[in-house]
Amino acid sequence: MGEIPVDAVNSAWEAVSCNFDANGYRLPTEAEWEYLARGGNIGNSGQTVYSGSNNLGEVAWYDQNSGDKSHEVKKKAPNALGLYDMSGNVNEWCWDWYGIIGSDTPDTGPTSGEGRIYRGSCYQHDDFSCRVADRGDPWEAPCSHEAFEGNNDLGFRVVRSSSN
């Protein structure tokens, strides 16, 4: 059995849709990810630079403390919602395409873009990249060979709609 061509894999991923009304688990949208990383705090008062702290070493594995490897979760402090590792450790896939966000962008994110977005940064990146506000760069489709070949800095977090 041969390897599936990258173009076929990417085409299949690009054709996937998400039913946000379904009762089940899914990747978070970029907006949901950021809300969770900010500990549910959407106002300007009391927000932290990193998910849970203004001191990155308290909440994240990054280039200065990781030993150039990912770590077991829950070894650093959580944010206000009790979520761990939303800054540093591994990049987290979001549902959205990487694209320009404006007032007319749907809640589910841009409908097209350069690639899928990831958030949170990873153990190989610096403090600037680990900020909650940092959007990183677009990646290939999550199932592409380029995305996972030799990478151990990619992961995902699942969410479930609270209305279901």
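Rules used throughout
- Here, residues in each chain are numbered from 1, in the same order as that chain's written sequence.
- Owing to the predicted nature of the model, reporting of local features is limited to residues with pLDDT of at least 70; listing and counting of side-chain atom pairs is limited to 80 or more, with chain, interface and lining totals taken over all residues.
- Side-chain measures were taken over the full set of non-hydrogen atoms in the model, leaving aside hydrogen atoms and water.
- For patch detection, residues must exceed 30% relative accessible area and be free of salt bridges, and they are connected within 9 Å for like charges or within 5 Å for nonpolar side chains (Val, Leu, Ile, Met, Phe, Trp, Tyr).
- The Shrake-Rupley method, run with a 1.4 Å probe, gives the accessible areas here. Residue values count only the displayed protein chains as cover.
- In what follows, salt bridge is the name for a side-chain nitrogen of Lys or Arg lying within 4 Å of a carboxyl oxygen of Asp or Glu.
- Working definition: helices are DSSP H or I runs of at least four residues, strands are E runs of at least two. Numbering for both runs from the N terminus.
- Burial here depends on accessible area, computed with a 1.4 Å probe over protein chains only, as a share of the maximum for the residue type. Under 20% is buried, over 50% is exposed, and the range in between is partly exposed.
- If DSSP finds at least two bridges between two strands, the strands pair.
- The term polar contact refers here to a pair of N or O atoms within 3.5 Å; inside protein, the definition further demands a hydrogen-donor-capable atom paired with an acceptor-capable atom, and it admits residues adjacent in sequence only when both atoms are side-chain atoms.
- Contact definition: two residues touch when any of their heavy atoms are within 4.5 Å.
- By convention, a stacked pair of Phe, Tyr or Trp rings (six-membered ring in the case of Trp) has centres within 6.5 Å and planes under 30 degrees apart, an edge-to-face pair has planes over 60 apart, and any other such pair is tilted.
- Look at NZ for Lys and CZ for Arg. If either is within 6 Å of the ring centre and within 35 degrees of the ring normal, a charge sits over the ring.
- By arc we mean the arc of the directions from the helix axis to the C-beta atoms, nothing more.
- Fitting a line to C-alpha atoms yields each axis, with helices limited to the stretch in contact; the angle taken between N-to-C directions then spans 0 to 180 degrees.

A cluster of nonpolar residues, Tyr25, Phe156 and Val158, forms a patch on the protein surface that exposes about 380 Å² of accessible area. Mapped onto the fold, Phe156 is located in strand 4 (residues 154-156). On the basis of relative accessibility, which here comes to 60%, the residue Phe156 falls in the exposed class.

Burial of strand 3 (residues 116-119) is two-sided: the residues Arg116 and Tyr118 facing one way and the residues Ile117 and Arg119 facing the other way are all buried. Pairing between strand 2 (residues 91-97) and strand 3: three bridges, direction antiparallel. For Trp93, the partnering residue across the bridge sits in strand 3 and is Tyr118.

Along the chain, Leu27 falls in the loop between strand 1 (25-26) and helix 2 (30-37). For Leu27, a relative accessible area of 17% corresponds to the buried category.

Following the sequence through the fold, Ser121 ends up in the loop between strand 3 and helix 4 (145-148). Side-chain polar atoms of Ser121 contact the side chain of His125, separated by 2.9 Å. Those residues in contact with Ser121 that lie beyond four places of it in its chain are Gly88, Asn89, Val90, Asn91, Ser129 and Cys130.

Next up on the list: the environment of Thr105. With respect to the element layout, Thr105 can be found in the loop between strand 2 and strand 3. Not counting chain neighbours up to four residues away, the residues in contact with Thr105 comprise Ile100 and Pro110. Reaching out from Thr105, the side chain makes a polar contact with the backbone nitrogen of Gly102 at a distance of 2.8 Å.

Moving on: the packing of aromatic side chains. In this structure the tally under the stated criterion is zero aromatic pairs. One cation-aromatic arrangement involves Arg116 over Trp95; the distance from NZ or CZ to the ring centre is 5.0 Å. Above the ring of Tyr98, the side-chain terminus of Arg135 is found at 4.7 Å from the ring centroid.

Residues three or four positions apart in an α-helix share a direction because the helix packs 3.6 residues into each turn. Considered for burial, the residues of helix 2 that qualify are Glu30, Trp33, Leu36 and Ala37. The buried residues of helix 2 occupy an angular sector of 125° when the element is viewed end-on, so they sit on one face. Positioned one or two residues after helix 2, Gly39 has a phi angle of 70°, which is positive.

A few words on the sheet that holds strand 3. Spatial strand order, 3-2-4: three strands in an open sheet with mixed pairing. The open sheet has two free edges, formed respectively by strand 3 and strand 4, since each of these has just one partner strand. On average, each strand axis in the sheet is inclined to that of its neighbour by 50°, with strand direction left out of account. With three bridges connecting them, strand 2 and strand 4 associate as parallel partners. Paired with Asn91 across the two strands is Leu154, which belongs to strand 4.

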